[in-house]
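Take a look at the letters that make up each chain.
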Amino acid sequence: MKIGIGSDHAGYRLKEELKKHLRKEGYDVLDFGSKSNKSTDYPQYGLKVAEAVGKKEVERGILVCGTGLGMAIVANKVKGVRAACCNDLFSARLSRLHNDANVLTLGGRILAFEFAQEIVTLWLETPFSRGKHSRRINQIKGMEKERFI
Ligand code: RB5
């Protein structure tokens, strides 16, 4: 699976640790920056990863800022992106089962690496449960068609 990863300064360290871990696990990880923990702006990196997901250049995106919140707000501006901020395991599992989330956002100032790693593994391995949830996702896709360019 090809994964796009990105962060701002507050998520940089966790992003680097997750990138290393995911590559070790055999994932093809494309890093969209940032390249250091020097202060920067999360919308720049969030947009790059979200656009790669929207254009299907990568299958999934992982974004890390201080809380995961700013990255989720940005990523959800992009058509085709369903970003979920999941700083716990239950949300991570449900974001896949019910929401077919294709971008995961995490809080680098909230999560220890070991716990973030568990969240990411669960999120990557949990399938979309389809059924009635497909109808709801299709409603979202319909809204995107009607209201966005
Ligand atoms: C940066 O200080 C912080 O605001 C950012 O990383 C993020 O948490 C925004 O949602």
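Not measured: the values here are computed from a predicted model.

Engineer: I keep staring at the sheet that holds strand β4 (residues 83-85) and nothing clicks. Help me out?
Structural biologist: Hydrogen bonds between backbone atoms are what pair the strands of a sheet, whose relative direction is either parallel or antiparallel. The 5 strands are arranged β2-β1-β3-β5-β4 in an open sheet whose pairing can be described as parallel. Among the strands making up the open sheet, the edge pair consists of β2 (28-31) and β4. Between one strand and the next, the sheet's axes are offset by a mean angle of 20°, whatever the strand orientation. For β4 and strand β5 (residues 103-107), the ladder comprises 3 bridges, and the chain directions are parallel. If you follow Ala83 over to β5, its bridge partner there is Val103.

Engineer: How should the pairing of β5 be read in this particular structure?
Structural biologist: A regular strand places its side chains on the two faces of the sheet in alternate fashion. Most of β5 sits out of view: 5 of its 5 residues are buried. Going residue by residue along β5, you find Val103, Thr105 and Gly107 tucked away on one face and Leu104 and Leu106 tucked away on the opposite face as well. Both strand β3 (residues 60-65) and β5 contribute to a ladder of 5 bridges, which runs parallel. Residue pairing for β5: Cys65 is matched across the bridge by Gly107. After leaving β4, the chain enters helix α4 (residues 89-97) and then returns to the sheet as β5, a path that is right-handed.

Engineer: What exactly am I supposed to notice about a positive patch on the surface here?
Structural biologist: A cluster of basic residues, Lys56, Lys79, Lys141 and Lys145, forms a positive patch on the protein surface. With respect to the helices, strands and loops of the structure, Lys79 is situated in the loop between α3 (69-75) and β4. Residue classification places Lys79 among the partly exposed positions, given a relative accessible area of 44%.

Engineer: Sorry, what's going on with α4 here?
Structural biologist: Because each turn of an α-helix spans 3.6 residues, side chains separated by three or four positions end up pointing in the same direction. Within the span of α4, buried status applies to Ala92, Leu94, Ser95, Arg96 and Leu97. Looking at the buried residues of α4, the elements they touch are β3, β4, α5 (113-125) and α6 (132-147). Where α4 begins, the side chain of Asp88 points an oxygen toward the backbone nitrogen of Phe90, at a separation of 3.1 Å.

Engineer: Just checking my understanding: could you explain the site of the ligand for this structure?
Structural biologist: Taken together, Asp8, His9, Ala10, Tyr42, Cys65, Gly66, Thr67, Gly70 and Arg109 form the complete shell of residues around the ligand. Between Gly66 and the ligand, the recorded distance is 2.8 Å, taken from a backbone N or O atom to an oxygen atom. Contact between the ligand and Arg109: an oxygen atom at 3.2 Å from a side-chain N or O atom of the residue. Protein burial of the ligand: of its 290 Å² of free accessible surface, 70% is covered by the chains. Partitioning the shell around the ligand into residue classes produces 3 nonpolar, 4 polar and 2 charged.

Engineer: Sorry, what's going on with the nonpolar core here?
Structural biologist: Generally speaking, a soluble globular protein has its nonpolar side chains buried in company with each other. Within the largest apolar cluster, 22 residues are counted, with the highest numbers of intra-cluster contacts made by Leu18, Leu22, Ile62, Leu104, Leu106 and Val120. Among the elements of the structure, β1 (2-7), α1 (12-24), β3, β5 and α5 are those that each provide at least two residues to this core. By residue number, the principal contributor to this core is α5, which donates 6 residues. Counting residues in each nonpolar core, the second largest holds 15 residues, with Val53, Val58, Ala75 and Val103 among its members.

Engineer: What is the right way to look at the pairing of β3 in this model?
Structural biologist: β3 sits mainly inside the fold: 6 of its 6 residues count as buried. Residues Arg60, Ile62 and Val64 of β3 are buried on one face, and the alternating residues Gly61, Leu63 and Cys65, pointing to the opposite face, are buried as well. Bridging between β1 and β3 involves 5 bridges; their strand directions are parallel. Looking at the pairing, Gly4 lines up with Gly61 of β3.

Calculation criteria
- Residues numbered from 1 in each chain as written.
- Predicted model: local features only at pLDDT ≥ 70, side-chain atom pairs only at ≥ 80, totals over all residues.
- Heavy atoms only, no water.
- Pairing = 2+ DSSP bridges.
- Helix = DSSP H or I, 4+ residues; strand = E, 2+ residues; numbered from the N terminus.
- Axes fitted to C-alpha atoms, helices over the stretch in contact; angles between N-to-C directions.
- Buried < 20%, exposed > 50% of the residue type's maximum accessible area, 1.4 Å probe, protein only.
- Right-handed = clockwise from strand over helix to strand, strands pointing away.
- Patch = residues over 30% accessible without salt bridge, like charges linked within 9 Å, V, L, I, M, F, W, Y side chains within 5 Å.
- Areas by Shrake-Rupley, 256 points an atom, 1.4 Å probe, with all protein chains shown as cover.
- Salt bridge = Lys/Arg side-chain N within 4 Å of Asp/Glu carboxyl O.
- Lys, Arg positive; Asp, Glu negative; His and termini not counted.
- Charge placed at Lys NZ, Arg CZ, Asp CG, Glu CD.
- Contact = heavy atoms within 4.5 Å.
- Polar contact = N/O pair within 3.5 Å; in protein donor to acceptor, adjacent residues only side chain to side chain.
- Near = heavy atom within 4 Å.
- Nonpolar A, V, L, I, M, F, W, Y, C, P; charged D, E, K, R; others polar.
- Core = buried A, V, L, I, M, F, W, Y, C linked by side-chain atoms within 4.5 Å.

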